[in-house]
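Structural characterization, general
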Amino acid sequence: MAEVKKRRPGCVFFGIGGDEMKKAGVETVFHVREMAFLGFFEVLKHYPFIRRVFRTLSGLADTRKPDCCVLIDYPGFNLRFADRMHKRGIPVFYYISPQVWAWGKGRVKKMARCIDRIAVIFPFEAGIYQKAGIPVRYVGHPLQDRVRAAMSRKNFFRELGLDPQKPMVGLLPGSRSQEVGKLLPEMVGAYRKLAETIPGLQGLICLAPTLSMSDVSPYAQEADPSLRIVDGRTYETMAHADAVMVASGTATLETALFGTPMVILYKMAPLSYCLGKWLVKIESIGLVNIVAGKRVAPELLQREANAERIYETIRPFFLDPKTNARIRKELKIVREKLGKGGASARAAEWLLEMPCLCGRR
C-alpha cells in the first residue's frame, strides 16, 4: 500500500486489514485478527462468520465498484472471493500466492480462470503459474526489507534490565490464540528444564501484534521470574537470542534472516492434522527448511512438540558452540534464496501496470 501510494497518491483501499494496514490508510471493514483460525475443523466452526465477511465484502464491491481487487495469501477464503470478483468483472491481483507446491496443485487451473495477475515471493513458484498461463512475476520476499533489529544487543538488554553477558532464549508461540494455547505451555516447560542446565539463562516470550497480554500471561505466571513477556520487540529478540523456540510459519523465515538457530514447533487439532498430512506432499513443514531445500532447523510436530523433546532439541544450541555456529552459517542460504530487497516496490509496479489501473491517479 505504501509503495502504491508513492506512485498513485489518490488510491483508496478498503477491505480486511490489520493494525499496520490501518496506519497505512486502509478502511478496515474487518480486522485480520477476526480471521485468524487454525485448522480445517476450526474454520468450519467459524463458517457462519466467514460467510458474513464474504457477503459483506461482496456487497461493498457491488456498491463501491473498485477498479481492482488485491488478495493476499489466505487461499481458503481468497480463491473463492477471487472467483466472485471475476464474475463481477473486477480484475484480481494476487500477492503472496497459495502454497500450491505443497498441496492443492489442482487449484492452479481454477486460479487461471479468475486471477489476472500474480506476484510470487519464492523463485520456484513462478514456473508453476507460467505453465498454467497466469501472468506472473517473481518480486522477491518482502521480509528482506522489513526484518531489522532497531537496537543493539547491549542496548536491548539494558532496556529490559537483562544481562548481555548471559545467554538468552526466545519463545515465539505464534500469532493465533489457538497456537499459543497449544505451544506456549510446552515452550515454558522446556524453558524451565533448560534454565536448570544453562547457568544464568534468560528468556523472552514475544507477544504477536494480533494478540493481547491476556493471551500469553496465564502460561508465564508460574514460570521462573527470569522469563519475561515483551511486546513490540520480536525482531530484537530474534536477532539477539542464542536460539529460539518458534511456531511454524513466517516467523521461521524472519528468524532465519537473523541467522539465529531455532526449533520449529507445530501442533493443531488431531483431526485437522491428519487431514492436512493426507493433503500436504512435502517433507518439511517449516518455511525455512522448504526455502533452504534441506533440514536446517529441527521440526517437532504434534505429540513431539512437548517440553521434554523441545528441551532435548534446543539444548545443544547452547552447550555446543560449534553446532550453533554451523547452523548460523547454513541459515545464510535462506537469506540468499529470498532474493534482494525491494519486493514491495516491485509488487506495486506489477499491480499498477494492470490495464484497469493505467491512467488512474
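Residues numbered from 1 in each chain as written. Predicted model: local features only at pLDDT ≥ 70, side-chain atom pairs only at ≥ 80, totals over all residues. Heavy atoms only, no water.

**Considering the side chain of T323**
Just so we agree on the cut-off: For helices the rule is a DSSP run of H or I covering at least 4 residues; for strands it is a run of E covering at least 2, with both sets numbered from the N terminus onward. Should any heavy atoms of two residues lie within 4.5 Å, those residues are counted as being in contact.
Tracing the backbone through its elements, the reader meets T323 in helix α17 (residues 321-337). Among residues more than four places away in sequence, those in contact with T323 are P316 and F317.

**Side note on the packing of helix α5 (residues 75-87) against helix α6 (residues 107-114)**
For clarity, the cut-off: To obtain an axis, a line is fitted to C-alpha atoms, over the contacting stretch when the element is a helix, and the angle between two such axes runs from 0 to 180 degrees between their N-to-C directions. By convention, the crossing between two helices is left-handed when the near helix turns anticlockwise from the far helix through less than a right angle, and right-handed when the turn is clockwise. In this count, Pro and Cys sit with the nonpolar residues alongside Ala, Val, Leu, Ile, Met, Phe, Trp and Tyr, while Asp, Glu, Lys and Arg are called charged and the others, Gly among them, polar.
For the pair α5 and α6, the least separation of the axes is 9 Å and the interaxial angle reads 35 degrees. For the pair α5 and α6, the sense of crossing is left-handed. Only R107, K110, M111, R113 and C114 of α6 make contact with α5, whose side of the interface consists of P75, G76, L79, R80, A82, D83 and H86. Tallied by class, the residues present in the contact of α5 with α6 amount to five nonpolar, two polar and five charged.

**Notes on the packing of helix α10 (residues 177-197) against helix α11 (residues 213-220)**
Which entries qualify depends on this criterion: Should an angle lie under 35 degrees it is considered roughly parallel, over 145 roughly antiparallel, and from 65 to 115 roughly perpendicular; all remaining angles are considered oblique.
In contact at an axis separation of 9 Å, α10 and α11 are set at 25 degrees when each is read in the N-to-C sense. With respect to their mutual orientation, α10 and α11 come out roughly parallel. Handedness of the crossing formed by α10 with α11: right-handed. Of the residues in α11, those touching α10 at S177, V180, G181, L184, P185 and V188 are D215, V216 and Y219.

**Observations concerning the pairing of strand β10 (residues 243-247)**
Convention followed: Each residue's exposure class comes from its accessible area (1.4 Å probe, protein chains only) as a fraction of the maximum for that residue type: buried when under 20%, exposed when over 50%, partly exposed otherwise. A pair of strands is labelled paired if DSSP reports no fewer than 2 bridges between them.
Where burial is concerned, most of β10 is hidden: five out of the five residues are buried. Residues A243, M245 and A247 point to one face of β10 and V244 and V246 to the other, with burial holding for every one of them. Direction of pairing for strand β7 (residues 168-172) relative to β10: parallel, over a ladder of four bridges. Within β10, the position partnered with G170 by the bridge is V244. Summarising the sheet, β10 and strand β11 (residues 262-266) pair through four bridges and their orientation is parallel. If you follow V246 over to β11, its bridge partner there is I264.

**Quick notes on the sheet that holds strand β6 (residues 136-138)**
By definition, the strands of a sheet pair up through backbone hydrogen bonds, in either a parallel or an antiparallel sense. Reading across the sheet, the four strands line up as β3-β4-β5-β6 and stay open at both edges, with parallel pairing between neighbours. Looking along the sheet, the strands with just one partner apiece sit at the ends: β3 (69-72) and β6. Neighbour-to-neighbour, the strand axes of this sheet turn through a mean angle of 15 degrees, independent of strand direction. Here strand β4 (residues 92-95) pairs with strand β5 (residues 117-120) via three bridges, running parallel.

**Concerning the environment of C206**
Following the sequence through the fold, C206 ends up in strand β8 (residues 202-207). Separated by 32 residues in sequence, C206 and G174 place their C-alpha atoms 8.7 Å apart. Setting aside residues up to four positions removed in sequence, C206 forms contacts with L171, L172, P173, V230, T234 and T237.

**Focus on the sheet that holds strand β9 (residues 227-231)**
Taken in spatial order, the six strands line up as β9-β8-β7-β10-β11-β12 in an open sheet, and their pairing is parallel. Either end of the sheet is taken by a strand with one partner, and the two such strands are β9 and β12 (299-301). When the angles between neighbouring strand axes are averaged without regard to direction, this sheet yields 20 degrees. Each of β7, β10, β11 and β12 touches helix α16 (residues 307-319); the most contacted strand, β10, lies at about 145 degrees to it.

**What about the packing of aromatic side chains?**
Defined as follows: The pairing test for Phe, Tyr and Trp rings, Trp by its six-membered ring, is centres within 6.5 Å, and the orientation test on the planes gives stacked under 30 degrees, edge-to-face over 60, and tilted for anything in between. Lysine NZ or arginine CZ positioned within 6 Å of the ring centre and within 35 degrees of the ring normal marks a charge as sitting over the ring.
Taken as a whole and assessed by the stated rule, the structure comprises eight aromatic pairs. Between F54 and F77, the aromatic rings sit 5.7 Å apart at their centres with planes inclined by 70 degrees, giving edge-to-face as the arrangement. Of the two residues, F54 sits in helix α4 (residues 47-64) while F77 sits in helix α5, which places them 23 residues apart along the sequence. Note on accessibility: F54 and F77 belong to one class, buried. Between the aromatic rings of F122 and F124, the centroid separation amounts to 5.5 Å while the plane-to-plane angle is 5 degrees, which identifies the pairing as stacked. Assessed through its relative accessible area of 4%, F122 is described here as buried. When its relative accessible area of 37% is taken as the criterion, F124 is described as partly exposed. A connected cluster of aromatic rings, assembled from ring pairs, spans F54, Y74, F77 and F81. The lysine or arginine in question, R64, covers the ring of F14, its NZ or CZ lying 4.1 Å from the ring centre. Positioned above the aromatic ring of W350 is the side chain of R117, whose terminal nitrogen or guanidinium carbon lies 4.1 Å from the ring centre.

Everything listed here is a matter of coordinates, which is why it stays silent on function.
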